[in-house]
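Working through the structure, step by step
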Amino acid sequence: MGIGLYIVKNIITSLNGSITFESEKNIGSTFNVVLPHNFENKSSIVEEKMRLFQPVDTINLIRKEVKHIKNRPAILLVEDNIDLLNFIAESLENLYNIYTAINGEEALNILTNTKIDLILSDIMMDKMDGYEFREKLIEMDELKSIPFIFITAKTGIDEKIRGLSQGVVDYICKPFEISELEEKIKNWLLLIKLNSLKAEIELKSKHQRRLENFINEYNISPKEKEVLNYLLQGYKN
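These notes cover the structure that comes with them. (Residues numbered from 1 in each chain as written. Predicted model: local features only at pLDDT ≥ 70, side-chain atom pairs only at ≥ 80, totals over all residues. Heavy atoms only, no water.)

All right, on to the overall build of the protein then. On a plain count of helices and strands, the protein comes out with 8 helices and 7 strands. When burial is assessed residue by residue, the protein has 33% of its 237 residues classed as buried. Put simply, of all contacts in the protein between residues at least 6 apart along the chain, 53% involve residues at least 24 apart. With an accessible surface of roughly 15200 Å², the protein has 52% of that area assigned to carbon and sulfur atoms. (Helix = DSSP H or I, 4+ residues; strand = E, 2+ residues; numbered from the N terminus. Buried < 20%, exposed > 50% of the residue type's maximum accessible area, 1.4 Å probe, protein only. Contact = heavy atoms within 4.5 Å. Areas by Shrake-Rupley, 256 points an atom, 1.4 Å probe, with all protein chains shown as cover.)

Below is the structure:
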């Protein structure tokens, strides 16, 4: 399957170059590699870098370690292509805490002890595919409401309908622009935050109405009324 995006990126970066790509649906992708103008014959360096990335069975490739920073949104990325898994994780790690799994079974283990805000998952995976993984989440009250996005090469309408019927909130088709993924993640996390804020406001309003009813229904002293009014003001703020 070639040396993969992650390997290519590491080799080019080590040579002080850069790589970008453009993709158009049903046409293909164009990769642009830029190397320094004063680039000399560094075949020995390239050969050395290649030795660091000898092809092995995909399942045995090492997943990139990512750092987790307190109070960042947490994203669970489920993808059995290690090259792509590392590429996406590396692209997002500056903004989010990224947790990775290579199939649904491994992802469920992560979810048992980690609070996740958003799930990105492939469909075609060994042991437990994306559909089965989603079905397992639906059965768990504490996990089924986590926004779930499929990232997949299965772009047929039947596959999309099946995913949407499971409560999947979005579909991203491979190949895709990383900027598209970044924008969709940002929008869904913003929606999560707004929904959380709405629930908090509704809860405060509920308590406020209860306090107001208590003041109106019971004969309380002026001092008690003053304290309750102070509490009400706190809820309003």
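Once you've had a look at it, read on.
This paragraph deals with the nonpolar core. Judged by nonpolar contacts, the single largest core of 23 residues is most densely connected at I88, L92, L120, L181 and I185. Taken together, the elements giving at least two residues each to this core come down to β3 (74-78), α3 (82-92), β5 (118-121), β6 (148-152) and α7 (178-217). The leading source of residues in this core is α3, at 7 residues. A74, L76, M125 and F133 belong to the second largest nonpolar core, which has 22 residues in total. (Core = buried A, V, L, I, M, F, W, Y, C linked by side-chain atoms within 4.5 Å.)

One open sheet holds the 5 strands; their spatial order is β4-β3-β5-β6-β7, and the pairing between them is parallel. Here the strands that pair on one side only, and so sit at the sheet edges, are β4 (97-101) and β7 (170-173). Sheet twist, expressed as the mean angle between neighbouring strand axes with direction ignored, is 20°. As judged from the 3 bridges shared by β5 and β6, these two strands associate in the parallel manner. For L120, the partnering residue across the bridge sits in β6 and is I149. In the packing of helix α4 (residues 104-111) onto the sheet, the strands contacted are β3, β4 and β5, and the crossing angle to β4 comes to about 140°. Across the face of the sheet, helix α5 (residues 130-138) comes into contact with β3, β5, β6 and β7 while running at roughly 175° to β6. (Pairing = 2+ DSSP bridges. Axes fitted to C-alpha atoms, helices over the stretch in contact; angles between N-to-C directions.)

Scanning all chains against the criterion turns up 7 salt bridges. Across the pair E79 and K174 runs a salt bridge whose closest N-O atoms are separated by 2.9 Å. With E79 in the loop between β3 and α3 and K174 in the loop between β7 and α7, the pair connects residues that are 95 residues apart, well separated along the chain. Residue E79 is classed as buried on the basis of its relative accessible area, which comes to 3%. (Salt bridge = Lys/Arg side-chain N within 4 Å of Asp/Glu carboxyl O.)

Okay, the packing of aromatic side chains next. Think of a pair of aromatic rings as described by two things: how far the centres are apart, and how the planes are tilted against each other in angle. As enumerated under the stated definition, the model contains 4 aromatic pairs in all. Both rings, one in Y131 and one in F150, keep their centres 5.5 Å apart while their planes meet at 80°; by these two values the pair is edge-to-face. Here Y131 is found in helix α5, whereas its partner F150 is found in strand β6, with 19 residues between them in sequence. As far as burial versus exposure is concerned, Y131 and F150 are alike and both buried. Aromatic rings pair up to connect Y131, F133, F148, F150 and Y171 into one cluster. (Phe/Tyr/Trp six-rings, centres within 6.5 Å; stacked < 30°, edge-to-face > 60°.)

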